[in-house]
Amino acid sequence: MLSFVQKDGMLVSETVRGEGGILVNQQGKRFFNELETRDKVSAAISALPEQYAYIVFDDALASRAKQIDFYKSKGVVVEGKTIEELAKKIKVPADTLKQTIDTWNQDVANKKDPEFGRSTAMDYDLTKAPYYAIQIAPGIHHTMGGVKINTNTEVINTKGEVIPGLYAAGEVTGGLHGNNRIGGNAVADIVIFSRQAGNQSAAYAQR
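Cut-offs used in this document
- In every chain, residue numbers begin from 1 and rise along the written sequence.
- Per-residue local features of the predicted model are confined to residues with pLDDT of at least 70, and side-chain atom pairs are confined, for both listing and counting, to 80 or more; whole-chain, interface and lining totals are unaffected and use all residues.
- Only hydrogens and water are removed before side-chain values are computed, so all heavy atoms of the structure are retained for them.
- UniProt positions are given in the numbering used here, feature names are shortened, and annotations may be inferred rather than shown by experiment.
- Each salt bridge in this description consists of a side-chain nitrogen of Lys or Arg and a carboxyl oxygen of Asp or Glu lying within 4 Å of one another.
- Every helix listed is a DSSP run of H or I at least four residues long, and every strand listed is a run of E at least two residues long, numbered separately from the N terminus.
- Classification of residues uses two cut-offs on accessible area relative to the type maximum, computed with a 1.4 Å probe and protein chains only: under 20% is buried, over 50% is exposed, and between them is partly exposed.
- By definition, no residue in a patch forms a salt bridge, and every one has over 30% relative accessible area; like charges are joined within 9 Å, nonpolar side chains (Val, Leu, Ile, Met, Phe, Trp, Tyr) within 5 Å.
- Computed by Shrake-Rupley with a 1.4 Å probe, the accessible areas treat only the displayed protein chains as cover when residues are assessed.
- Note: two strands are recorded as paired if DSSP finds a minimum of 2 bridges between them.
- Throughout, a residue-residue contact means that at least one pair of heavy atoms, one from each residue, lies within 4.5 Å.
- The angle between two axes is taken between their N-to-C directions and runs from 0 to 180 degrees, where each axis is a line fitted to C-alpha atoms and a helix contributes only its stretch in contact.

For the chain, an unreviewed UniProt entry supplies the name FAD-dependent oxidoreductase 2 FAD-binding domain-containing protein and the organism Enterococcus cecorum DSM 20682 = ATCC 43198. According to the UniProt record, the Cofactor (unreviewed entry) comment for the chain reads "FAD".

Here it is as structure tokens:
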């Protein structure tokens, strides 16, 4: 799971959360540890009555995460000069959203999130106006199930035998990442296994 804009499926980088953005529901409240594993965050969003959330951040974060400029150009970022104005635009209770952000800022100051146990990416508070929100929902952007391969990228059949001349790499293969892929690990599929598959299949063709 990564964050996808609810209306058009645009992928929103996890950098926004990693730089200190928070997730709030339609009631303007945080509801989960934003930096839990993808499957857990996805399940928490899907369990909301509205099945979406808002990632909320300030102008300081927007300056750190340059992707925001692109999201703004695509019209998916809601902006408010104040927290209250932002709340009105995304139709959440202004008092609640302000309390949520105030509480978060205090948690950042204390380096402790007593409500949800977040312990990472708490280096920046959300105090620099204007404020922004992007409506997001879980989306499938990477599959981890597929055929079994060995270290030579040879495909293994259900009997544990190599299928001669058949090689595989990338998302068509399964079992490389365990139950939950760590962010960035798909690069290994590209750099390592695709190269290995190419070399192995070329060598096989020359036999």
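Alright, that's what it looks like, and here's the rest.
So, on to the pattern of salt bridges. Counted under the stated rule, the structure contains ten salt bridges. For Glu34, the salt bridge is made with Arg118, and the minimal N-O distance between the two is 3.0 Å. In this pair, Glu34 is assigned in the loop between strand 3 (22-24) and helix 2 (38-46) and Arg118 in the loop between helix 6 (94-110) and strand 6 (131-139), connecting sequence segments 84 residues apart. Each of the two residues, Glu34 as well as Arg118, counts as buried.

Now for a nonpolar patch on the surface. Taken together, the side chains of Val187, Ile190, Val191 and Ile192 present a nonpolar region at the surface, about 380 Å² in accessible area. With respect to the helices and strands, Val187 occurs in helix 7 (residues 186-205).

Further remarks concern the sheet that holds strand 7 (residues 148-149). Sheets are built from strands that pair by backbone hydrogen bonding, the pairs being arranged parallel or antiparallel. The strand order 7-8-9 describes an open sheet built from three strands, whose pairing is antiparallel. One side of each edge strand has no neighbouring strand; the edge strands of this open sheet are strand 7 and strand 9 (162-167). Bridge count between strand 7 and strand 8 (residues 154-156): two bridges; the pairing is antiparallel. Bridging across to strand 8, Lys148 finds its partner in Ile156. On the sheet, helix 7 packs against strand 7 and strand 9 and is oriented at approximately 105° with respect to strand 9.

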